[in-house]
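# Structural characterization, general
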Amino acid sequence: MKLDSTGLSDPGLIRAYNQDSYYIDPAGRFFIVADGMGGHAGGEEASRIATQEIRSYLEQNWQCPESASKLLQQALSTANQAIVQDQQNHPERADMGTTAVVVVIRPGESPVCGHVGDSRLYRLRKSQLQQITEDHTWIAKALKIGDITPDEARVHPYRHVLSSCLGREDLNQISVQQLDLEHGDRLLLCSDGLTEELVDDKIASYLQGTPSLEIAAESLVEAAKEEGGNDNITVVLVSVET
């Protein structure tokens, strides 16, 4: 499977610092976006630890006999444990945590994605944008059972309340699923600084509006800033060439 990819992270227009982090494996084996929380130093450190720990675990265990799904599950769990340990070593960062969304593409297996929190994975296929991940938030649960409408969800005061994130001793929600990919698909991994500002239709228009992934990434970030840029904005784009 031949892939093209790019990434971009921006602090946005309100915050003076960036608590997001991302990583693109040079060999195209995996892709990571993390969105930290817990104050300036805490959020930056949580997302940095998560990204580094996930990357290291995947690199060190890439050839292991475990399935890609199990490999990713363990990578996210290891990142959680590392953040919890750092909290214990540095009480001033006790409230820090981070979301994470990861795609793993290992030869001979179906691609998989895993996430914790509300950083998302989208797939654009033949002009149709689909959200692959389901947010670990109170709002997502309320939407699923029909307690609120999508329009209400976008402005609800509890829309940022997470039901799961990395950095919790009682972490109980790591979602890993197989990912169907075809020639021509585009993947978007992103923090909620993008989805808070842009509705899905708008995201789709930028993803399909240019053949250049770099220009598409820049356009998405700039559009989110034009709509307010109230949070850090991070996007990783992956194109399936063959």
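In the nomenclature of an unreviewed UniProt entry, the chain is known as Protein serine/threonine phosphatase of Dolichospermum planctonicum.

Once that is clear, we can look at helix 2 (residues 68–89). Helix length check: helix 2 (22 residues) gives 32 Å between terminal C-alpha atoms against 32 Å at 1.5 Å per residue, within 8%. Residues Ala68, Leu71, Leu72, Ala75, Leu76, Ala79, Asn80, Ile83, Val84, Asp86 and Gln87 constitute the buried set of helix 2. Those residues of helix 2 that are buried lie in contact with helix 1 (40–60), strand 4 (97–104), strand 5 (112–116) and strand 8 (175–178).

Backbone geometry places Lys126, a non-glycine residue, at a positive phi of 50°. Residue classification places Lys126 among the exposed residues on the basis of a relative accessible area of 67%. In the Ramachandran plot, Ser127 falls in the positive-phi region, its phi being about 70° despite a non-glycine side chain. For Ser127, the position within the fold is in the loop between strand 6 (120–125) and strand 7 (128–131).

The end-to-end C-alpha distance of helix 7 (residues 213–226), which contains 14 residues, comes to 20 Å, matching closely the 20 Å that a straight helix rising 1.5 Å per residue would cover. Among the residues of helix 7, Leu213, Ala216, Ala217, Leu220, Val221, Ala223, Ala224 and Lys225 are the ones counted as buried. Looking at the buried positions of helix 7, the neighbouring elements they touch are strand 1 (3–10), strand 9 (186–190), helix 5 (192–195), helix 6 (200–208) and strand 10 (233–240). With its phi angle positive at about 140°, Gly228 sits one or two positions after the end of helix 7.

Attention shifts here to the sheet that holds strand 5. Pairing in this open sheet of 5 strands is antiparallel, and the strands run 2-3-4-5-8 from one edge to the other. Each edge of the sheet is formed by a strand with only one pairing partner; in this case those strands are strand 2 (20–24) and strand 8. Strand-to-strand twist of the sheet, defined as the mean angle between neighbouring strand axes without regard to direction, takes the value 10°. The sheet contact formed by strand 3 (residues 30–37) and strand 4 spans 8 bridges and is antiparallel. Each bridged residue has a counterpart across the sheet, and for Met37 the counterpart in strand 4 is Gly97. Docked against the sheet, helix 1 engages strand 2, strand 3 and strand 4, running at close to 155° with respect to strand 3. Packing of helix 2 onto the sheet brings it into contact with strand 4, strand 5 and strand 8, and relative to strand 5 it is tilted by some 25°.

What counts and how
Residue positions within a chain follow its written sequence, with the count starting from 1. Residues qualify for local features only when their pLDDT is at least 70, as the model is predicted, and side-chain atom pairs are given and counted only at 80 or more; totals for whole chains, interfaces and linings, by contrast, use all residues. Each side-chain value is derived from all of the structure's non-hydrogen atoms; neither hydrogens nor water enter the calculation. Each helix corresponds to a stretch of at least 4 residues labelled H or I by DSSP, and each strand to a stretch of at least 2 residues labelled E; elements are numbered beginning at the N terminus. An expected span of 1.5 Å times one less than the residue number is assigned to each helix. Throughout this description, buried means an accessible area under 20% of the type-specific maximum (1.4 Å probe, protein chains only), exposed means over 50%, and partly exposed covers the range between. Residues are treated as being in contact if the distance between any of their heavy atoms lies within 4.5 Å. A strand pair is defined by DSSP finding two or more bridges across the two strands. Comment: axis = line fitted to C-alpha atoms, over the contacting stretch for helices; angle = value between 0 and 180 degrees taken between N-to-C directions.

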